[in-house]
Amino acid sequence: TGKSRSAEVTEKDEPAKSRYVASEVRGRVHERDGYQCVYVGLDGRRCTARVALHIDHKKPFGIFRSNDEADLRLLCALCRYRHNGGMSRGMLNLG
């Protein structure tokens, strides 16, 4: 039969077809990052959030098509918002 979804997103030789990150990879990213947001502010302090964590692509998935562990990190919702430049007009529903 065909490849499993896990195999599809962990191969490094070809671009990922989906933003889906295999549970094994997600687990390793959580463990590597200490189950904590990895955002470091301008003052040099790391965010202490340990809840509402998201897997974030360091390089935009839409351009680089990578789910490689080295390109993934944990960010809390607030730091993800800060890092990605805030909300777009569409997200704010300003028309």
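First, a word on what this report is: a plain description of the structure on this page. (Residues numbered from 1 in each chain as written. Predicted model: local features only at pLDDT ≥ 70, side-chain atom pairs only at ≥ 80, totals over all residues. Heavy atoms only, no water.)

## A short note on helix α2 (residues 23-32)
To be explicit about the condition: Exposure categories follow from relative accessible area, calculated using a 1.4 Å probe and restricted to protein chains: below 20% of the type maximum is buried, above 50% is exposed, and the middle band is partly exposed. To qualify as a helix, a DSSP run of H or I must reach at least 4 residues; to qualify as a strand, a run of E must reach at least 2; elements of each kind are numbered from the N terminus. The arc under discussion is defined with respect to the helix axis, by the directions toward the C-beta atoms.
Buried within α2 we find Val25, Val29 and His30. The buried residues of α2 occupy an angular sector of 135° when projected down its axis, which confines them to one face. Looking at the residues trailing α2, positive phi occurs at Gly34, about 70°.

## Considerations on the packing of aromatic side chains
Operational definition: Under the pairing criterion, centres of Phe, Tyr and Trp rings, with the six-membered ring standing for Trp, must be within 6.5 Å; the plane angle then separates stacked pairs below 30 degrees from edge-to-face pairs above 60, leaving the rest tilted. By definition here, charges over rings are those cases where NZ of Lys or CZ of Arg is within 6 Å of the ring centre and within 35 degrees of the ring normal.
Applying the stated criterion across every chain yields a total of 0 aromatic pairs. For the cation-ring pair, Lys59 lies above Phe64, with the distance from its terminal atom to the ring centre recorded as 5.3 Å.

## Quick notes on unusual backbone geometry
The backbone phi angle of Tyr35 is positive, close to 55°, even though this residue is not glycine. Within the element layout of this structure, Tyr35 appears in the loop between α2 and β1 (53-57).

## Digging into the environment of Cys79
We apply this condition: In what follows, a contact means two residues having at least one pair of non-hydrogen atoms within 4.5 Å.
Relative to the helices and strands, Cys79 resides in helix α4 (residues 77-83). Look past the residues within four positions of Cys79 in its chain and what remains in contact with it is Cys37, Tyr39 and Cys47.

## Concerning the state of the cysteines
Note the following rule: For the purposes of this analysis, a disulfide is any pair of cysteine sulfur atoms at a distance within 2.5 Å.
Within this structure, the stated rule accounts for 0 disulfides. With no disulfide of its own, Cys76 lies closest to Cys79 among cysteine sulfurs, the gap being 3.6 Å. Residue classification places Cys79 among the buried positions, given a relative accessible area of 1%.

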